[in-house]
Amino acid sequence: MTETRPAGATWSGNHRYRATEVLLPADLDELAEVVASARTLRVQATRHTFNDVADSDAALLSLERMPTRVQMTGDRVRVEGLVTFAQLAPVIEAEGRALHNLGSLPHISVAGATATGTHGSGIHNGNLSSAVRAVEIMDAEGRTHRIDRTHAWFPAAALSIGALGVVTAVELQTEPTYRVTQQAYTGVAWDDIVADPKRVFGGARSVSVFTTWGDPAHDLVWAKSDDGAPDWVGELGGRPVGDDIHLGRIRTVDNTTPRGTAGPWHTRLPHFRADALPSDGDEIQSEYFVPFSSAREALAAVRAIAPAFDAHLLVTELRTVAADELWLSPAYQRDVLAIHFTWRNDTAGVLGVLPRIEAALAPFDARPHWGKAFTMPGETVRATLPRADDFLATAREADPRGVFRNDFLRRTLDL
Ligand SMILES: Cc1cc2nc3c(=O)[nH]c(=O)nc-3n(C[C@H](O)[C@H](O)[C@H](O)COP(=O)(O)OP(=O)(O)OC[C@H]3O[C@@H](n4cnc5c(N)ncnc54)[C@H](O)[C@@H]3O)c2cc1C
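Residues numbered from 1 in each chain as written. Predicted model: local features only at pLDDT ≥ 70, side-chain atom pairs only at ≥ 80, totals over all residues. Heavy atoms only, no water.

1. Section: the site of the ligand
The environment of the ligand is formed by 37 residues, the closest being Val43, Ala45, Thr46, Thr49 and Thr116. The contact in question runs from an oxygen atom of the ligand to an N or O atom on the backbone of Val43, over 2.6 Å. Between the ligand and Ser109, the relevant distance is 2.8 Å, taken from an oxygen atom to a side-chain nitrogen or oxygen of the residue. For the ligand, the accessible surface in isolation is 970 Å², of which the surrounding protein chains cover 99%. Elements that contribute at least two residues to the shell around the ligand include exactly β3 (41-43), α3 (110-115) and β10 (166-173). For the shell around the ligand, the element with the most residues is α3, which contributes 4 residues. For the shell around the ligand, a count of residues per class yields 16 nonpolar, 17 polar and 4 charged. (Near = heavy atom within 4 Å. Polar contact = N/O pair within 3.5 Å; in protein donor to acceptor, adjacent residues only side chain to side chain. Areas by Shrake-Rupley, 256 points an atom, 1.4 Å probe, with all protein chains shown as cover. Helix = DSSP H or I, 4+ residues; strand = E, 2+ residues; numbered from the N terminus. Nonpolar A, V, L, I, M, F, W, Y, C, P; charged D, E, K, R; others polar.)

Here you go:
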């Protein structure tokens, strides 16, 4: 008999799962039985999403009781089961290897992050899904498919928002390990950032700009580089902040990774430490991706309406993501600027202001983050994704009974 637990809510508590229980198979055989007897099912991983993408009308499934395994083979790492980047990174580092990038927090699962196109920053860095070299997916009949880059399903499977089946293992590309120094700077003027976005965002391995869209005291440039402070920061008047770092109006201040000294990639690329509560905790997040070539105009459009959303905002973070070839990727075939909002945890208020932001970004063909709050109608979302129909055809082929579909997929993709 498969164990169960209550479904609960997302990490920040902003969405209570409609599903009442989570099924907890103990191994692949039990997982195969669970999926084959399910009418409808979605996987819940580390719950760091801000919408109903992982929800289901019936039951959820978690791999948390299943064995986990991390295996290095040549330049790849195979990750089996529910493994977080906090667990994975030190194992890779011990082998003298690294991932190309990480998100702002290491607490999230590898399968969940790659399923939604989770990203860090860097104009040469693709999102985390772009490091996927193969996935193993169990379909609704309990059969496992290994889908590598030669498989026709690959551009759908590496970033699938869970629509093809249960991802039981992910293989990621690694590279030789590297060290990173990071520093956060105040004093860089907004006008200088927008005057030449490439100079700022291209000026280090990974650059984030934090802003509250009006109060320069809150603006911060956070650069992560291979060889100390980038020259352009000083040229633009940047001064390192001390220990007293504030990300906009976020309350927690002692949860960030070390600045000012070099360290292994996985101890510097995330903003937030694995042993601390990331971000604010009591929040909702949204994020939109526009072509990097439209960065200046898109930022001006959002800034013009900032007074309308200011009361709800904790902080905005601006990052960049390099283009990839994954059909549902927010960076599909275009380098993007990611415009992120951390909101106060007030669902009605946030849902009230998102349409204004989405209207302001519509001329730039903005795509939403799959794991964050947005209100764009499905047809608008689909219109921004040139390969949406190919994704839908693959999902229907992989899951003809529609077991892994949910309201989110019906609403946003018409699956
Ligand atoms: C504090 C905080 C900071 C964040 N920072 C970033 C950031 O820097 N960059 C960024 O892009 N995002 C960021 N996010 C968003 C987050 O990384 C993504 O939403 C990510 O998808 C969360 O993964 P999860 O496993 O926790 O989520 P879950 O909600 O558990 O899962 C996400 C999706 O993946 C599916 N899924 C999970 N596991 C499987 C599986 N084994 N098989 C099939 N489907 C599966 C789920 O069904 C769901 O649709 C942040 C979130 C928080 C809370």
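Next comes the rest of the write-up.
2. What to know about the sheet that holds strand β9 (residues 144-148)
With respect to topology, 5 strands assemble into an open sheet ordered β5-β6-β10-β8-β9, the strand pairing being antiparallel. Looking at strand neighbours, the two that pair on one side only are β5 (69-73) and β9, the edges of this open sheet. The average angle at which neighbouring strand axes cross in this sheet is 15 degrees, direction not considered. Pairing of strand β6 (residues 76-80) with β10 involves 5 bridges; the strand directions are antiparallel. Counted as the bridge partner of Glu80 is Ala169 from β10. (Pairing = 2+ DSSP bridges. Axes fitted to C-alpha atoms, helices over the stretch in contact; angles between N-to-C directions.)

3. So, helix α9 (residues 295-304)
Among all positions in α9, only Ala295, Ala298, Leu299 and Val302 are buried. Down the axis, α9 shows its buried residues gathered within 100 degrees of arc, on one side only. (Buried < 20%, exposed > 50% of the residue type's maximum accessible area, 1.4 Å probe, protein only. Arc of directions from axis to C-beta.)

4. What about the sheet that holds β3?
In spatial order, the strands read β1-β2-β4-β3; together these 4 strands make up an open sheet with mixed pairing. Edge positions in the sheet fall to β1 (3-6) and β3, since each of these pairs with one other strand and no more. Between one strand axis and the next, the sheet turns through 35 degrees on average, direction left out of account. Two elements, β3 and strand β4 (residues 59-61), share 3 bridges in a ladder whose sense is parallel. Bridge assignment links Val43 to a residue of β4, and that residue is Leu61.

5. Overview of the packing of aromatic side chains
The geometry of an aromatic ring pair is captured by two quantities: the separation of the ring centres and the angle between the planes. Scanning the model with the defined rule gives 12 aromatic pairs in all. Each ring, one from Trp213 and one from Phe309, has its centre 6.4 Å from the other, and the planes form 85 degrees; the classification is edge-to-face. With Trp213 in the loop between β13 (206-211) and β14 (220-225) and Phe309 in helix α10 (residues 306-309), this residue pair connects regions lying 96 residues apart in the sequence. Judged by its relative accessible area of 5%, Trp213 is buried. Between Tyr288 and Phe341, the ring centres sit 6.4 Å apart and the planes meet at 65 degrees, which makes this aromatic pair edge-to-face. In this pair, Tyr288 is assigned in strand β17 (residues 283-291) and Phe341 in strand β19 (residues 336-344), connecting sequence segments 53 residues apart. Taken as a pair, Tyr288 and Phe341 share a single burial class, namely buried. (Phe/Tyr/Trp six-rings, centres within 6.5 Å; stacked < 30°, edge-to-face > 60°.)

6. What to know about the environment of Arg411
By the secondary structure assignment, Arg411 is in helix α14 (residues 407-413). Through-space distance from the C-alpha of Arg411 to that of Gly378 is 5.7 Å; in sequence the pair is 33 residues apart. In this structure, Arg411 is in contact with Asp52, Gly378 and Arg382, ignoring residues within four places of it in sequence. Here the side chain of Arg411 touches Asp52 through a polar contact of 2.9 Å, side chain to side chain. (Contact = heavy atoms within 4.5 Å.)

7. What to know about the side chain of Thr257
Within the element layout of this structure, Thr257 appears in the loop between β15 (239-240) and β16 (262-264). Contacts of Thr257, omitting those with residues within four sequence positions, involve Gln182, Trp222, Thr267, Arg268, Pro270, His271, Phe272 and Arg273.

8. Comments concerning unusual backbone geometry
Positive phi outside glycine occurs at Arg47, with the angle close to 65 degrees. Within the secondary structure layout, Arg47 lies in the loop between β3 and β4. Phi angles above zero are rare outside glycine, and Asp365 is one such case at about 60 degrees. Note that Asp365 resides in the loop between α11 (347-361) and β20 (367-368). Looking at Asp365, the relative accessible area reads 36%, which means it is partly exposed.

9. Examining the pattern of salt bridges
Per the counting criterion, the structure on display carries 25 salt bridges. Close ionic contact of Asp57 with Arg410 constitutes a salt bridge, the shortest N to O distance being 3.5 Å. In this pair, Asp57 is assigned in the loop between β3 and β4 and Arg410 in helix α14, connecting sequence segments 353 residues apart. By relative accessible area, Asp57 is classed as partly exposed at 45%. On the accessibility criterion, Arg410 (38% relative accessible area) is partly exposed. Through salt bridges with shared partners, one network takes in Arg18, Asp52, Asp57, Asp407, Arg410 and Arg411. (Salt bridge = Lys/Arg side-chain N within 4 Å of Asp/Glu carboxyl O.)

10. Observations concerning the pairing of β6
Buried residues dominate β6, accounting for 4 of its 5 residues. Bridge count for β5 against β6 is 5 bridges, and the pairing is antiparallel. Counted as the bridge partner of Arg69 is Glu80 from β6.

11. Some details on helix α1 (residues 28-36)
Listing the buried residues of α1 in full gives Glu30, Leu31, Ala32, Val34 and Val35. On its buried face, α1 is in contact with β1, β2 (21-24), β3, β4, β8 (132-138) and β10. The distance from a side-chain oxygen at the start of α1 to the backbone nitrogen of Asp29 is 3.2 Å, and the residue carrying that oxygen is Asp27.

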